[in-house]
Amino acid sequence: MWNQTIFDKYNLLNSFKKKIKISSSYYFKKLSRDRQLRIHNYITSDDKKFYSNQNLFDAIFFELRTKCNSQCTFCAASIQNDIRPDITMSFELYEKVINELAEINYDKRISFHVNSEPLLVKNLHEYISLARKKCPNSWIQILSNGRSLNNQRGEEILNAGIDELSLNLYRKTLTEKLPMNIKKFEEEVLYKIYNKENVYHGLPGKINKKRFPKYIKYTKTKRLVEEVLSNRAGSAPNKKNNHELPNLGYCSHPFSQFNITVNGDVGQCCADFFFQSKMGNVKNNSILEIWNGNRFKNLRDSLKKSQRHNNLLCAGCDHFGMNNLPKNFIKRQIYKLLFINDD
């Protein structure tokens, strides 16, 4: 349940930690470029080793519609910033990709966002149902800002077979109350379909669905609509005029993500907002042909060598480049101290 007192104490502590991180990050940027890269290579070494041995992405993201209904200042997809035409992916194109995933027995994450709001897709439950049917062991996630979540839409996506519903509730302040539509959804839909003890609220990790098939992961996080996060390879509206970027090398995104937009284009990562660095198009090639193609291979080879400068988007991106926190205690603490704006 939502506990405002606990949340306020957490927020106060988090504010103190952030001040320390700002100071640490400032001094890191004062180091020589060579030392910055050495520190980055040290922290990311385990993540690089892990993903270098993987043969397939561990998450596929479908941008089903180029539309969002939030006003987040850090995102180019927000109402006031988005210049893209409003287009929805055809179900036929989506079905082609899902069938290819089924052929390889894909059992990892399927998500319905890249830079958009999935609940704005009116027949979203039909897309989910097909993924559930064809890829029964995959982890199906809906990440939403919650603005379009109502009882009908919520019931549709739950019954379609999602494993996770995560809500980032963007507001002007962190003290705003939980929106009424979210409370209503929880009381009248979520806890009618699932017993409360079977709704997992923990943030990290996934539920073992084979052992706990009746569970669902449901999280809601208060976020600031005017947060300053990573620059998303230069597309973040509130962070375009960066100070000198830190000298970073490896990044896990092109090793772990497969991002498809409405017309079938595949971008190099989620920060490729306009899909300008095209790895291919799923209309013309299979997902495996694109994933194992020279464009992805050359990009990964450069990142393995810590050469972000070889790629236009990577060269201008300040995302730290790891999917998971380091297991090593020292590496983990250094990362937490230095890098505060990663999303």
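Residues numbered from 1 in each chain as written. Predicted model: local features only at pLDDT ≥ 70, side-chain atom pairs only at ≥ 80, totals over all residues. Heavy atoms only, no water.

Novice: For this particular structure, what's the right way to read the state of the cysteines?
Specialist: By definition, a disulfide links two cysteine residues through a covalent bond between their sulfur atoms. Tallied over the entire structure, the rule returns zero disulfides. Between Cys-269, a free cysteine, and Cys-270, which holds the nearest cysteine sulfur, the sulfur-to-sulfur gap is 5.1 Å. Owing to a relative accessible area of 9%, Cys-269 belongs among the buried residues under this scheme. (Disulfide = S-S within 2.5 Å. Buried < 20%, exposed > 50% of the residue type's maximum accessible area, 1.4 Å probe, protein only.)

Novice: Just to check I follow, could you spell out the environment of Arg-35 for this structure?
Specialist: Positionally, Arg-35 belongs in helix α2 (residues 33-52). As for Arg-35 and Gly-146, which are separated by 111 residues in sequence, their C-alpha atoms are 42 Å apart. (Helix = DSSP H or I, 4+ residues; strand = E, 2+ residues; numbered from the N terminus.)

Novice: Before we go on, may I ask you to explain the sheet that holds strand β9 (residues 280-281) in this structure?
Specialist: Sheets are built from strands that pair by backbone hydrogen bonding, the pairs being arranged parallel or antiparallel. Spatially, β5-β6-β4-β3-β2-β1-β7-β8-β9 is the arrangement adopted by the nine strands of the open sheet, whose pairing is mixed. The open sheet has two edge strands, β5 (199-200) and β9, and neither has a second partner. By the bridge criterion, four bridges tie strand β3 (residues 139-144) to strand β4 (residues 164-171) in an arrangement that is parallel. Within β4, the residue paired with Gln-141 across the bridge is Glu-164. (Pairing = 2+ DSSP bridges.)

Novice: Can you help me understand the nonpolar core in this one?
Specialist: The nonpolar side chains of a soluble globular protein tend to be buried, and buried together. Formed by 51 residues in total, the largest nonpolar core has its most connected members in Ile-60, Phe-62, Tyr-94, Ile-110, Phe-112 and Phe-258. Beyond its immediate chain neighbours, meaning those up to four positions away, Phe-258 contacts Phe-57, Ala-59, Ile-60, Phe-61, Val-266, Val-282, Ile-287, Ile-290, Trp-291 and Phe-296. Listed in part, the ten residues of the second largest apolar core include Phe-74, Ala-76, Ala-77 and Tyr-170. (Core = buried A, V, L, I, M, F, W, Y, C linked by side-chain atoms within 4.5 Å. Contact = heavy atoms within 4.5 Å.)

Novice: Sorry, what's going on with helix α3 (residues 91-103) here?
Specialist: Each α-helix turn comprises 3.6 residues. Residues three or four places apart therefore point the same way. Between its terminal C-alpha atoms α3 stretches 18 Å, which fits the 18 Å expected from 13 residues at 1.5 Å a residue. The complete set of buried residues in α3 reads Leu-93, Tyr-94, Val-97, Ile-98, Glu-100 and Leu-101. Viewed end-on, α3 has its buried residues packed into an arc of 155°, placing them on one side of the element. Looking at α3, the residues exposed on the side facing more than 90 degrees away from the buried face are Glu-92 and Glu-103. With its phi angle positive at about 55°, Asn-105 sits one or two positions after the end of α3. (Expected span 1.5 Å × (residues − 1). Arc of directions from axis to C-beta.)

Novice: Would you mind going over the pattern of salt bridges with me for this structure?
Specialist: Close approach of charged atoms allows side chains with opposite charge to pair. Here the structure, examined in full by the defined rule, presents 13 salt bridges. A salt bridge links Arg-153 to Glu-156; the nearest nitrogen and oxygen atoms lie 3.6 Å apart. Linking Arg-153 with Glu-156, this pair stays in helix α5 (residues 151-160), spanning three residues, or about one helical turn. Accessibility expressed as a relative area gives 15% for Arg-153, which makes it buried. Among the ionic contacts, a cluster of salt bridges with common partners joins Glu-63, Asp-82 and Arg-84. (Salt bridge = Lys/Arg side-chain N within 4 Å of Asp/Glu carboxyl O.)

Novice: Looking at this structure, how should I read a nonpolar patch on the surface?
Specialist: A cluster of nonpolar side chains, contributed by Tyr-42, Phe-329 and Ile-330, occupies part of the molecular surface with about 320 Å² of accessible area. Here Ile-330 shows up in helix α11 (residues 329-338). (Patch = residues over 30% accessible without salt bridge, like charges linked within 9 Å, V, L, I, M, F, W, Y side chains within 5 Å. Areas by Shrake-Rupley, 256 points an atom, 1.4 Å probe, with all protein chains shown as cover.)

Novice: What's the story with the packing of aromatic side chains in this structure? I'm lost.
Specialist: Aromatic ring pairs: the centre-centre distance and the angle between the two ring planes describe each pair. Applying the stated criterion across every chain yields a total of 18 aromatic pairs. Positioned above the aromatic ring of Tyr-191 is the side chain of Lys-196, whose terminal nitrogen or guanidinium carbon lies 5.1 Å from the ring centre. Residue placement shows Lys-331 over the ring face of Tyr-42; its charged tip is 5.1 Å from the ring centre. (Phe/Tyr/Trp six-rings, centres within 6.5 Å; stacked < 30°, edge-to-face > 60°. Lys NZ or Arg CZ within 6 Å of the ring centre and 35° of its normal.)

Novice: For this particular structure, what's the right way to read the environment of Arg-38?
Specialist: Relative to the assigned elements, Arg-38 resides in helix α2. Along the sequence, Arg-38 and Leu-248 sit 210 residues apart, while their C-alpha atoms lie 8.8 Å from each other.

Novice: What's the story with the packing of α5 against helix α6 (residues 180-193) in this structure? I'm lost.
Specialist: The relative placement of two packed helices comes down to the angle between their axes together with the axis-to-axis distance. At a minimum axis separation of 10 Å, α5 and α6 run at an interaxial angle of 25°. Taken together, the axes of α5 and α6 are roughly parallel relative to one another. Judged by the sense of rotation from one axis to the other, the crossing of α5 with α6 is right-handed. In this structure, α5 uses Asn-151, Gly-154, Glu-155, Leu-158 and Asn-159 to contact α6, whose residues at the interface are Lys-184, Phe-185, Glu-188, Val-189, Leu-190 and Ile-193. Along the lines of polarity and charge, the residues of the contact of α5 with α6 split into five nonpolar, three polar and three charged. (Axes fitted to C-alpha atoms, helices over the stretch in contact; angles between N-to-C directions. Parallel < 35°, antiparallel > 145°, perpendicular 65-115°, else oblique. Left-handed = near helix turned anticlockwise from the far one by under 90°. Nonpolar A, V, L, I, M, F, W, Y, C, P; charged D, E, K, R; others polar.)

Novice: Even after reading the chapter, I still don't get the confidence of the model for the chain, so can you show me in this structure?
Specialist: A low pLDDT score tells you not to read the predicted coordinates there in detail. Residues with a pLDDT of 70 or more make up 92% of the chain, whose mean pLDDT is 90. Taken as a whole, residues 1-10 scores under 50 in pLDDT and shows nine contacts with residues more than four places along the chain or in a different chain. (pLDDT = per-residue confidence, 0-100.)

Novice: Just checking my understanding: could you explain unusual backbone geometry for this structure?
Specialist: Residues apart from glycine generally show negative phi values, whereas peptide bonds are mostly found in trans. The backbone phi angle of Ala-233 is positive, close to 55°, even though this residue is not glycine. Looking at the element boundaries, Ala-233 is found in the loop between β6 (216-224) and α7 (253-256). Residues other than glycine seldom take positive phi values, yet Phe-275 does so here, at roughly 50°. Owing to a relative accessible area of 4%, Phe-275 belongs among the buried residues under this scheme.

Novice: Quick question: what am I supposed to make of the pairing of β3 here?
Specialist: Walk down a regular strand and you will see the side chains alternate between the two sheet faces. Across the six residues that make up β3, a large majority, five, are buried. Summarising the sheet, strand β2 (residues 109-111) and β3 pair through three bridges and their orientation is parallel. Across the sheet, residue Ser-111 finds its bridge partner in β3, namely Gln-141. Assessed by its sense of winding, the connection that carries the chain from β2 through helix α4 (residues 124-134) to β3 is right-handed. In terms of handedness, the path from β3 via α5 over to β4 forms a crossover that is right-handed. (Right-handed = clockwise from strand over helix to strand, strands pointing away.)

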